[in-house]
Amino acid sequence: MDFNIEIIGLIAGAFTTASFVTQVIKTWKAKSADNLSLSMYLVMLTGVILWLIYGIYLESISMILANTVTTILVCAILFFKFRYKK
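The rules behind these values
Residues numbered from 1 in each chain as written. Predicted model: local features only at pLDDT ≥ 70, side-chain atom pairs only at ≥ 80, totals over all residues. Heavy atoms only, no water. Axes fitted to C-alpha atoms, helices over the stretch in contact; angles between N-to-C directions. Helix = DSSP H or I, 4+ residues; strand = E, 2+ residues; numbered from the N terminus. Parallel < 35°, antiparallel > 145°, perpendicular 65-115°, else oblique. Left-handed = near helix turned anticlockwise from the far one by under 90°. Patch = residues over 30% accessible without salt bridge, like charges linked within 9 Å, V, L, I, M, F, W, Y side chains within 5 Å. Areas by Shrake-Rupley, 256 points an atom, 1.4 Å probe, with all protein chains shown as cover. Salt bridge = Lys/Arg side-chain N within 4 Å of Asp/Glu carboxyl O. Core = buried A, V, L, I, M, F, W, Y, C linked by side-chain atoms within 4.5 Å. Buried < 20%, exposed > 50% of the residue type's maximum accessible area, 1.4 Å probe, protein only. Contact = heavy atoms within 4.5 Å. Nonpolar A, V, L, I, M, F, W, Y, C, P; charged D, E, K, R; others polar.

Caption draft 1: Broad picture of the packing of helix H2 (residues 38–58) against helix H3 (residues 61–83). At a minimum axis separation of 9 Å, H2 and H3 run at an interaxial angle of 160°. The angle between the axes of H2 and H3 places the two elements in the roughly antiparallel class. Relative to H3, H2 is oriented so that their crossing is left-handed.

Caption draft 2: Local environment of a nonpolar patch on the surface. Residues Phe3, Ile7, Leu10, Ile11, Phe15, Ile61 and Leu65 make up a contiguous nonpolar surface patch of roughly 700 Å² in combined accessible area. Per-element tally for the nonpolar patch: the top contributor is helix H1 (residues 3–30), with five residues. Among the secondary structure elements, leucine 10 is positioned in helix H1.

Caption draft 3: Quick peek at the nonpolar core. Phe20, Val24, Ala33, Leu36, Tyr41, Leu45, Leu73, Val74, Ile77, Leu78, Phe80 and Tyr84 together form the largest nonpolar core, which totals twelve residues. Going through the elements one at a time, H1, H2 and H3 are the ones with two or more residues in this core. Once you skip the residues sitting within four places of it in the chain, alanine 33 turns out to touch Thr27, Phe80, Lys81 and Tyr84.

Caption draft 4: Region of the structure containing the packing of H1 against H3. It is the contact of H1 with H3, at a shortest axis distance of 9 Å, that shows an interaxial angle of 10°. Taken together, the axes of H1 and H3 are roughly parallel relative to one another. Contacts between H1 and H3 involve Glu6, Gly9, Leu10, Gly13, Thr17, Phe20, Val21, Gln23, Val24, Thr27 and Trp28 on the former and, on the latter, Ile61, Ser62, Met63, Leu65, Ala66, Val69, Thr70, Leu73, Val74, Ala76, Ile77 and Phe80. A per-class count over the contact of H1 with H3 returns 15 nonpolar, seven polar and one charged.

Written as structure tokens, this is what we have:
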């Protein structure tokens with residue numbers, strides 16, 4: 001795979017993954033996930049896992065890294081969704 005394209009993938013992965021970091025931090029600090037959509041995060045988790053499998057198949061380090069970290073972050077949000085359920 002072209003090294004320059006992989007760099008773009010790493011940068012894109014860093015930005016998209018960072019968006020989930022902010023949500024995890026906000027949810028953890030607020031101790032509330034009431035306003036988060038369970039179905040959205042379940043669908044997102046499914047999509048991210050499929051992207052991870054695809055990235056492994058392509059041997060794309062940017063896809064593997066971004067989707068591994070995003071899977072962990074989405075799982076954290078789902079954990080908070082159930083833990084802070086009222």
